[in-house]
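Here's the letter readout for the chains.
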Amino acid sequence: MPLRPLVLLPNPLLKTVSVPVAQIDDEVRRLATDMLETMYDALGIGLAAIQIGIARRMIVLDVSREEDKREPRVLINPEIVWQSEERRVYEEGCLSIPDYSEDVERPDMVRVRYLTLDGQVEELEADGLLSTCLQHEIDHLNGILFIDHLSRLKRDRVMTKFTKAARRKGTA
Ligand code: NI
């Protein structure tokens, strides 16, 4: 299965609000496989379809962190149906913002409703790293990056750095 090139900051595609997946067909199943391959290849723990330039509401994750015990998850049209009032801080990174990480505060626990690749409606309640990862990836579907949760000063600094880097490479 082909690896797909990652969309990087400051590409405006990352601001896109993705559209729901209307039908789970072969194309969607292929996309899910490609997303997982691309995520594993980049040593990520989560990836949203828009990060490979596809504006559909699909995310993949694997927070198992053990190569011999992979736990791939594919969530289609995921939505947060409950979140805890308690919040926690976790240091986040993003495959679209390489070599940058920063503390982000989010709800500690979430419950997410989604479709499986078989078209079944399922719910997943998560805390810890999985909760953070789910919230981060679902944000991507709404055009929101983790740096959007930081102070304007920090965000501007990151944007400037990546815009300059892209200009040097001739990609922006
Ligand atoms: Ni990300």
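Below, the structure is looked at part by part. (Residues numbered from 1 in each chain as written. Predicted model: local features only at pLDDT ≥ 70, side-chain atom pairs only at ≥ 80, totals over all residues. Heavy atoms only, no water.)

### Here's the deal with the side chain of threonine 132
- Note that threonine 132 resides in helix H2 (residues 128-141).
- Filtering out sequence-adjacent residues up to four positions away, threonine 132 remains in contact with Arg88, Tyr90, Glu92 and Arg106. (Helix = DSSP H or I, 4+ residues; strand = E, 2+ residues; numbered from the N terminus. Contact = heavy atoms within 4.5 Å.)

### Quick notes on the coordination of the nickel ion
- The protein atoms that coordinate the nickel ion are Cys94 (SG), His136 (NE2) and His140 (NE2), at distances spanning 2.1 to 2.3 Å.
- Here the donor residues of the nickel ion are spaced in sequence according to C-x41-H-x3-H. In this pair, cysteine 94 sits in strand S4 (residues 87-94) while histidine 140 sits in helix H2, placing the two residues 46 residues apart along the sequence. As far as burial versus exposure is concerned, cysteine 94 and histidine 140 are alike and both buried. (Donors = N, O, S within 2.8 Å, 3.2 Å for Na, K, Ca; no water. Buried < 20%, exposed > 50% of the residue type's maximum accessible area, 1.4 Å probe, protein only.)

### Focus on the sheet that holds strand S2 (residues 58-61)
- Pairing is antiparallel across the open sheet formed by 5 strands, whose spatial order is S1-S2-S3-S6-S7. Only two strands of the sheet have a single partner each, and these edge strands are strand S1 (46-48) and strand S7 (121-126). Each strand axis lies, on average, 40 degrees off the axis of its neighbour in the sheet, ignoring direction.
- In terms of strand pairing, strand S3 (residues 73-83) meets strand S6 (residues 110-115) through 5 bridges, oriented antiparallel. Pairing of glutamine 83 across the sheet is with valine 110, part of S6. (Pairing = 2+ DSSP bridges. Axes fitted to C-alpha atoms, helices over the stretch in contact; angles between N-to-C directions.)

### Brief notes about the packing of aromatic side chains
- Tallied over the entire structure, the rule returns 1 aromatic pair.
- Their ring planes at 25 degrees and their centres at 6.1 Å tell us that tyrosine 100 and phenylalanine 146 sit as a pair that is stacked. With tyrosine 100 in strand S5 (residues 97-107) and phenylalanine 146 in the loop between H2 and helix H3 (152-169), this pair connects stretches of sequence that are 46 residues apart. Both residues of the pair, tyrosine 100 and phenylalanine 146, count as buried.
- Cation over ring: arginine 70 sits above tyrosine 40, and NZ or CZ is 3.7 Å from the ring centre. (Phe/Tyr/Trp six-rings, centres within 6.5 Å; stacked < 30°, edge-to-face > 60°. Lys NZ or Arg CZ within 6 Å of the ring centre and 35° of its normal.)

### Structural notes on a positive patch on the surface
- Together, Lys164, Arg167, Arg168 and Lys169 line one region of the surface with positive charge.
- Checked against the element boundaries, arginine 168 lands in helix H3. (Patch = residues over 30% accessible without salt bridge, like charges linked within 9 Å, V, L, I, M, F, W, Y side chains within 5 Å. Areas by Shrake-Rupley, 256 points an atom, 1.4 Å probe, with all protein chains shown as cover. Salt bridge = Lys/Arg side-chain N within 4 Å of Asp/Glu carboxyl O. Lys, Arg positive; Asp, Glu negative; His and termini not counted. Charge placed at Lys NZ, Arg CZ, Asp CG, Glu CD.)

### What about the nonpolar core?
- The biggest cluster of nonpolar side chains holds 16 residues, and the ones touching the most others in it are Met35, Leu47, Met58, Val60 and Val74.
- Those elements that provide at least two residues to this core are helix H1 (26-41), S2 and S3.
- The element contributing the most residues to this core is H1, with 7 residues.
- Excluding residues within four positions of it along the chain, leucine 47 makes contact with Leu6, Met35, Thr38, Met39, Ile52, Met58, Ile59, Val60, Leu95 and Glu137. (Core = buried A, V, L, I, M, F, W, Y, C linked by side-chain atoms within 4.5 Å.)

### Let's talk about the side chain of glutamine 51
- Among the secondary structure elements, glutamine 51 is positioned in the loop between S1 and S2.
- There is a polar contact of 2.9 Å between the side chain of glutamine 51 and the side chain of serine 96.
- In contact with glutamine 51, other than residues within four places in its own chain, are Pro5, Leu6, Val7, Leu14, Gly46, Cys94, Leu95, Ser96, Glu137 and His140. (Polar contact = N/O pair within 3.5 Å; in protein donor to acceptor, adjacent residues only side chain to side chain.)

### Here we look at H3
- Counted at 1.5 Å a residue, the expected span for H3 with its 18 residues is 26 Å, and the 26 Å between its end C-alpha atoms agrees.
- Listing the buried residues of H3 in full gives Arg155, Val158, Phe162 and Ala166. Projection of H3 onto a plane perpendicular to its axis shows the buried side chains occupying an angular sector of 70 degrees, all on one side. Projecting away from the buried face of H3 at angles above 90 degrees are the exposed residues Arg152, Leu153, Arg157, Arg167 and Arg168.
- Of the residues flanking the end of H3, it is glycine 170, one or two places downstream, whose phi is positive at about 75 degrees. (Expected span 1.5 Å × (residues − 1). Arc of directions from axis to C-beta.)

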